[in-house]
Amino acid sequence: MLKLENVCAGYGKLDVLWNVSCEVNEGEFVAIVGPNGAGKTTTMRAISGMIRPKSGTILFNGEHLEDKSIRQIHNLGVSFITDEGNLFSGMTVKENLLMGALNIKDKGKKAELMDKVIGLFPRLGERVNQQAGLMSGGERKMLGIARGLMSEPKLMLVDEPSLGLAPAVVLDVFRTLKSLTKEGVIILLVEQNVNTTLKIVDRAYILENGSINGQGMSAELLASDYIQKTYLGLE
């Protein structure tokens, strides 16, 4: 289980998050939604070790993350998929996937994982020898997620998976993420695309101006007057 309690974080003297508390349980697909600049990506960076929280606690399966390095957090089973995917553009799809399994020494296990992620994203199998930099935005997004899966994560942090993608591709990506929760993978994503996100995830938190301004089951939030007016433009 992932649990944040009263997390404050930022960059230097700039405070971005104020007393953020949220949690994700085993097998859940949870989102943090909110406008651009609300602090969603900063939350992910604090969990993954890219920045150190100024105060508060971050627990994953009983382990404190707030004082650990990026490598230590990764070794605990946390995979952070940034909005750009952190791909190596000059490398092929296969080479990028293998980079995600650097900590796995068993060649048979690597091959097994490769088959698994290509099964989830068949389009990658069709482009296994193509350079990542020559792929479409949707394909690159899929590759970023697939590479994250190659480390067999227990927790996946996914940053803005819908960014720059066509609606049909967004749904494909979200449905694939949803299927991973059935295998016990905990998924926390951050998104600006509130409408599509709330149709797929189990629960969500609303992050605005660095603070949690609401939470609930996705269906309840989607039907709420606040979400309807603020994010969907409905009266």
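Residues numbered from 1 in each chain as written. Predicted model: local features only at pLDDT ≥ 70, side-chain atom pairs only at ≥ 80, totals over all residues. Heavy atoms only, no water.

### Details of the overall build of the protein chain
- Scanning the protein chain for helices and strands turns up 10 helices and 10 strands.
- For the protein chain, the C-alpha radius of gyration of 17 Å lies close to 18 Å, the compact-globule estimate for 235 residues.
- With the C-alpha coordinates of the protein chain rotated into their principal frame, the extents come out at 50 × 40 × 30 Å.
- Relative to its 235 residues, the protein chain shows a buried fraction of 49%.
- Partitioning the contacts of the protein chain with sequence separation of at least 6, the portion at a separation of at least 24 is 67%. (Helix = DSSP H or I, 4+ residues; strand = E, 2+ residues; numbered from the N terminus. Rg over C-alpha atoms; globule rule 2.2 N^0.38 Å. Buried < 20%, exposed > 50% of the residue type's maximum accessible area, 1.4 Å probe, protein only. Contact = heavy atoms within 4.5 Å.)

### Topic: the pattern of salt bridges
- Evaluated as defined, the whole model comprises 11 salt bridges.
- Overlapping salt bridges, with partners in common, bring together Lys-109, Glu-112 and Glu-152 in one network. (Salt bridge = Lys/Arg side-chain N within 4 Å of Asp/Glu carboxyl O.)

### Notes on the sheet that holds strand β6 (residues 78–81)
- One open sheet holds the six strands; their spatial order is β6-β7-β8-β3-β9-β10, and the pairing between them is mixed. On the outer flanks of this sheet lie β6 and β10 (211–217), each paired with one strand and no other. The mean angle between the axes of side-by-side strands here comes to 15°, regardless of whether they run parallel or antiparallel.
- Sheet analysis places strand β7 (residues 155–159) next to strand β8 (residues 186–191), joined by five bridges and oriented parallel. Residue pairing for β8: Leu-157 is matched across the bridge by Leu-188. (Pairing = 2+ DSSP bridges. Axes fitted to C-alpha atoms, helices over the stretch in contact; angles between N-to-C directions.)

### Comments concerning helix α1 (residues 40–48)
- Across the nine residues of α1, seven count as buried, placing the element largely inside the fold.
- Residues of α1 that are buried: Lys-40, Thr-42, Thr-43, Met-44, Ala-46, Ile-47 and Ser-48.
- At the exit of α1 stands Gly-49, carrying a positive phi of roughly 90°.

### Comments concerning the packing of helix α6 (residues 137–149) against helix α7 (residues 167–181)
- Put simply, α6 and α7 touch, their axes get as near as 10 Å, and they point 10° apart. Considering their axes alone, α6 and α7 lie roughly parallel with respect to each other. Residue-level inspection shows Gly-138, Met-142, Ile-145 and Leu-149 of α6 in contact with α7, the latter providing Val-169, Val-173, Leu-177 and Leu-180.
- Considered class by class, the residues forming the contact of α6 with α7 number seven nonpolar, one polar and no charged. (Parallel < 35°, antiparallel > 145°, perpendicular 65-115°, else oblique. Nonpolar A, V, L, I, M, F, W, Y, C, P; charged D, E, K, R; others polar.)

### A look at the nonpolar core
- By size, the foremost hydrophobic cluster in this structure holds 43 residues, and its most contacted members are Met-156 and Leu-177.
- For this core, the element with the most residues is α7, which contributes six residues.
- Residues contacting Met-156, with those up to four places away along its chain left out, are Ser-79, Ile-81, Ile-145, Leu-149, Leu-180, Val-185, Ile-186, Ile-187 and Leu-188.
- Membership of the second largest hydrophobic core comes to 29 residues, among which are Leu-4, Ala-9, Val-24 and Leu-207. (Core = buried A, V, L, I, M, F, W, Y, C linked by side-chain atoms within 4.5 Å.)

### Some details on the environment of Met-114
- The residue Met-114 is located in helix α4 (residues 107–120) in this model.
- Residue classification places Met-114 among the buried positions, given a relative accessible area of 9%.
- With 16 residues separating them in the primary sequence, Met-114 and Leu-98 have C-alpha atoms 8.0 Å apart.
- Excluding its chain neighbours within four sequence positions, the residues that come into contact with Met-114 are Lys-94, Leu-97, Leu-98 and Met-150.

### Comments concerning the pairing of strand β1 (residues 2–11)
- Two elements, β1 and strand β2 (residues 14–24), share seven bridges in a ladder whose sense is antiparallel. Within the sheet, the bridge partner assigned to Leu-4 lies in β2 and is Cys-22.
- Taking the residues between adjacent antiparallel strands as the criterion, β1 and β2 are bridged by two residues, where Gly-12 takes a positive phi near 65°.
- In this structure, β1 lies alongside strand β4 (residues 55–60), joined through five bridges in antiparallel fashion. By the bridge assignment, Cys-8 is partnered in β4 with Ser-55.

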